[in-house]
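Chains, contacts and geometry: an overview
These are the residues of each chain, in order.
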Amino acid sequence: MEKSNVKNFLVTGRPGIGKTTCVIRIAEILTSRGVTVGGMVTYEVREKGERIGFNIRDVYTGREGVLARTGLTQGPRVGKYTVSLKDLETIGVEAIKTAIQQAQVIIIDEIGPMELYSKNFYTAVLSALDSAKPVIATIHEKAQNSQEGKTILQRKDVKLYTLTLANRENMPPMIAKEVATLITKTP
């Protein structure tokens, strides 16, 4: 793979290693340099020290919603969580579409089993990856087990980083630098 063709940067690693923190730090570094960043991030929600689900946030507007919860009654189940396809699509998918139109860099956290229940999410991810803009995304460590994950990982314009305890501090500035280099080349 020629390095010059890479514009989509995917971060993977075991759950809890810091993938979301990594992409948020990359976004902060780029924003501090005047780069417009859009897209979506997910984060866990805890109650009394126990994880009860995940929320979703539009990086550009700050709009938030529920990605998945224990106790939801409608939607696909992933483990003990039920996915809110409505919030995923009205906040997450819309955040990706807006970023394709208005941001210089697109963040997608996470391309994983919960999110891939939405065909609209997958279509938005492919649109972002196909756009001329750099994409920084997290992808579930078992993504290669799904056809959607394989399709994304086999793209020639994708560079995959595996986050570990040893490299997670150095990864955000390194990826931010690679992305910033692409933005300065863009006419």
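Higher on the page you've got the structure.
Now for a quick tour of the structure. (Residues numbered from 1 in each chain as written. Predicted model: local features only at pLDDT ≥ 70, side-chain atom pairs only at ≥ 80, totals over all residues. Heavy atoms only, no water.)

1. Some details on the overall build of the protein chain
- Each helix and strand in the protein chain was counted, giving 5 helices and 9 strands.
- The order of helices and strands in the protein chain, counted from the N terminus, is β-α-β-β-β-β-β-α-β-α-β-α-β-α.
- Computed over the C-alpha atoms, the radius of gyration of the protein chain is 16 Å, within 12% of the 16 Å expected from 2.2 N^0.38 for a compact globule of 187 residues.
- By principal-axis analysis of the C-alpha atoms, the protein chain measures approximately 50 × 35 × 35 Å.
- Within the protein chain, buried positions represent 48% of all 187 residues. (Helix = DSSP H or I, 4+ residues; strand = E, 2+ residues; numbered from the N terminus. Rg over C-alpha atoms; globule rule 2.2 N^0.38 Å. Buried < 20%, exposed > 50% of the residue type's maximum accessible area, 1.4 Å probe, protein only.)

2. Focus: helix H3 (residues 119–130)
- The end-to-end C-alpha distance of H3 is 16 Å, a good match for the 16 Å that 12 residues give at a rise of 1.5 Å each.
- Buried-residue contacts for H3 involve strand E1 (8–12), strand E2 (37–47), helix H2 (85–102), strand E7 (105–111), strand E8 (135–139) and helix H4 (147–153).
- The backbone nitrogen of Asn 120 has a side-chain oxygen 3.3 Å away, supplied by the residue at the start of H3, namely Ser 118. (Expected span 1.5 Å × (residues − 1). Contact = heavy atoms within 4.5 Å. Polar contact = N/O pair within 3.5 Å; in protein donor to acceptor, adjacent residues only side chain to side chain.)

3. Concerning the pairing of strand E3 (residues 50–58)
- Examined bridge by bridge, E2 and E3 share 8 bridges and lie antiparallel to one another. Bridge pairing in E3 links Glu 44 to Phe 54.
- The antiparallel pairing of E2 with E3 creates a hairpin that spans 2 residues between the two strands, and Lys 48 there sits at a positive phi of about 55 degrees. (Pairing = 2+ DSSP bridges.)

4. Notes on the packing of H2 against H3
- Between H2 and H3, the shortest axis-to-axis distance is 10 Å and the interhelical angle comes to 15 degrees. Taken as axis vectors, H2 and H3 run roughly parallel relative to one another. Considering the relative orientation of H2 and H3, their crossing is left-handed. For the pair H2 and H3, the contacting residues are Leu 88, Glu 89, Val 93, Ile 96 and Ile 100 in the first and Asn 120, Phe 121, Ala 124, Val 125, Ser 127 and Ala 128 in the second. (Axes fitted to C-alpha atoms, helices over the stretch in contact; angles between N-to-C directions. Parallel < 35°, antiparallel > 145°, perpendicular 65-115°, else oblique. Left-handed = near helix turned anticlockwise from the far one by under 90°.)

5. Here we look at the nonpolar core
- By size, the foremost hydrophobic cluster in this structure holds 33 residues, and its most contacted members are Leu 67, Ile 96, Ile 108, Ile 111, Phe 121, Val 125 and Ile 152.
- Those elements giving two or more residues to this core turn out to be E3, strand E4 (64–69), strand E6 (81–83), H2, E7, H3 and E8.
- By residue number, the principal contributor to this core is H2, which donates 7 residues.
- Residue contacts for Leu 67: discarding those within four places in its chain leaves Thr 42, Phe 54, Asn 55, Ile 56, Thr 82, Val 83, Ser 84, Leu 88, Met 114 and Glu 115. (Core = buried A, V, L, I, M, F, W, Y, C linked by side-chain atoms within 4.5 Å.)

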